[in-house]
Amino acid sequence: MSGIRKLLNVLYVTTPGSYLSRDGENVVVLVDQAEKFRMPIHNVEGIVCFNYMGASPALMALCCERNVRLSFLTESGRFMARVTGPVSGNVALRRRQYRMADSVDFSLGVARNFIAGKISNSRSVLMRFLRDHGGAENSGGVERASKMMAHKGLALSSCRNDGDIRGVEGDAAREYYGVFDHLITEQKEEFRFTGRSRRPPRDLMNAILSFLYSILAHDCEAALETVGLDPQVGFLHKDRPGRCGLALDLMEELRPYLVDRTALTLVNNRQVCPKGFKIKETGGVIMDDDTRKTVITAWQKRKQEEVTHPFLNEKIKVGLIPYVQALLLARYLRGDLDAYPPFLVR
């Protein structure tokens, strides 16, 4: 597919006390004023800092000059701040996006496809479990949930407003998360999942999911800006100060395939263990530094895998999926496509 960018590295800085500085054209990570890591800026597409000490103005300027997103998150993955250069992108495309976001019918059509992708890909996670563990004790419940979600997916066609879509999405999510614990086949007691909990996550599995969802949101936001769209103006997630509605829209269909499967693999393959998590005084659960590094390494490895894109019918790296979907959304907004094609796992 023409226009596909090279999949560069996102530099994740997780070591407590890290300070970012610039040395010529290099990003340098210092801990206690000692150099721990360096990377040429041209090899980086983004820098994400968790629990950071700070960054030099010179490094911030370099990131802006080279169009490298510099983001600061808490140790649990909650967004705090971002340093970016001047807004870039096609003004005509953004104006078109703003007009279409004000159209109820247009927004409904795009939102319906985002959620159709989410439900379909969530079902694929359940079907994958049934293929691998069809004889398991809990497989019946997973199969029932999958069938119920299929019905919810069909119900999207009759939705007449965003409230209807949210209702269908909520019902499908309850079915999905209601059996998610069955998909955990190892370390079941320690990673028991009783439902989604956010801000803060209340158990170990939710801590992994929330952390990876934050990273996915960052990737989706970067992808939208790269193709010239405004990440804040969504079609399902409506305007709210400080919220990147379109990035949240885009990540809906990608959560199950990119995040949920990665989280389950980490737990079921015992790549993470209970001792790598801490319970805060507030009751929230966070990962320690080593566990965060393990999760990020698995995420980066996942992004390097190849998959055949269902709409393009071409092989791409998994890490490019948000970018390709953003590109397809831009083409739909321009009128080059009849509808927005969600990413559907085969």
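The present account deals with the structure reproduced in this document. Owing to the predicted nature of the structure, the values given are computational and were not obtained by experimental measurement.

Looking at the packing of helix α6 (residues 204-226) against helix α10 (residues 321-334)
Their axes nearest at 8 Å, the elements α6 and α10 cross at an angle of 45°. Classed by the angle they form, the pair α6 and α10 counts as oblique. Crossing geometry of α6 relative to α10 is assigned as right-handed. Side by side, α6 and α10 meet where Asp219, Cys220, Ala223, Leu224 and Thr226 of the first sit next to Pro322, Tyr323, Ala326 and Leu329 of the second. Residues belonging to the contact of α6 with α10 are distributed by class as follows: seven nonpolar, one polar and one charged.

Comments concerning the state of the cysteines
Tallying each qualifying case throughout the model produces zero disulfides. Residue Cys64 stays outside any disulfide, its sulfur separated by 6.9 Å from that of Cys63, the closest cysteine.

Here's the deal with the packing of helix α4 (residues 139-155) against helix α5 (residues 162-178)
One can describe the packing of α4 onto α5 by two numbers: an axis separation of 9 Å at closest approach and a directional angle of 170°. Viewed along their axes, α4 and α5 adopt a mutual orientation that is roughly antiparallel. Residue-level contacts link Ala145, Met148, Met149, Lys152 and Ala155 of α4 to Val168, Asp171, Ala172, Glu175 and Tyr176 of α5.

Notes on the side chain of Glu221
Of note, Glu221 is situated in helix α6. The contacts of Glu221, once residues within four sequence positions are left out, are Arg69, Arg82, Pro231, Cys244 and Ala247.

What about unusual backbone geometry?
Non-glycine residue Asp32 carries a positive phi angle of around 55°. Position of Asp32 relative to the elements: it lies in the loop between β3 (26-31) and β4 (34-40). Relative accessible area serves as the criterion here: at 74%, Asp32 is assigned to the exposed category. Unusually for a residue other than glycine, Gln33 sits at a positive phi of about 65°. Within the fold, Gln33 resides in the loop between β3 and β4.

Conventions we followed
- Residues numbered from 1 in each chain as written.
- Predicted model: local features only at pLDDT ≥ 70, side-chain atom pairs only at ≥ 80, totals over all residues.
- Heavy atoms only, no water.
- Axes fitted to C-alpha atoms, helices over the stretch in contact; angles between N-to-C directions.
- Helix = DSSP H or I, 4+ residues; strand = E, 2+ residues; numbered from the N terminus.
- Parallel < 35°, antiparallel > 145°, perpendicular 65-115°, else oblique.
- Left-handed = near helix turned anticlockwise from the far one by under 90°.
- Contact = heavy atoms within 4.5 Å.
- Nonpolar A, V, L, I, M, F, W, Y, C, P; charged D, E, K, R; others polar.
- Disulfide = S-S within 2.5 Å.
- Buried < 20%, exposed > 50% of the residue type's maximum accessible area, 1.4 Å probe, protein only.

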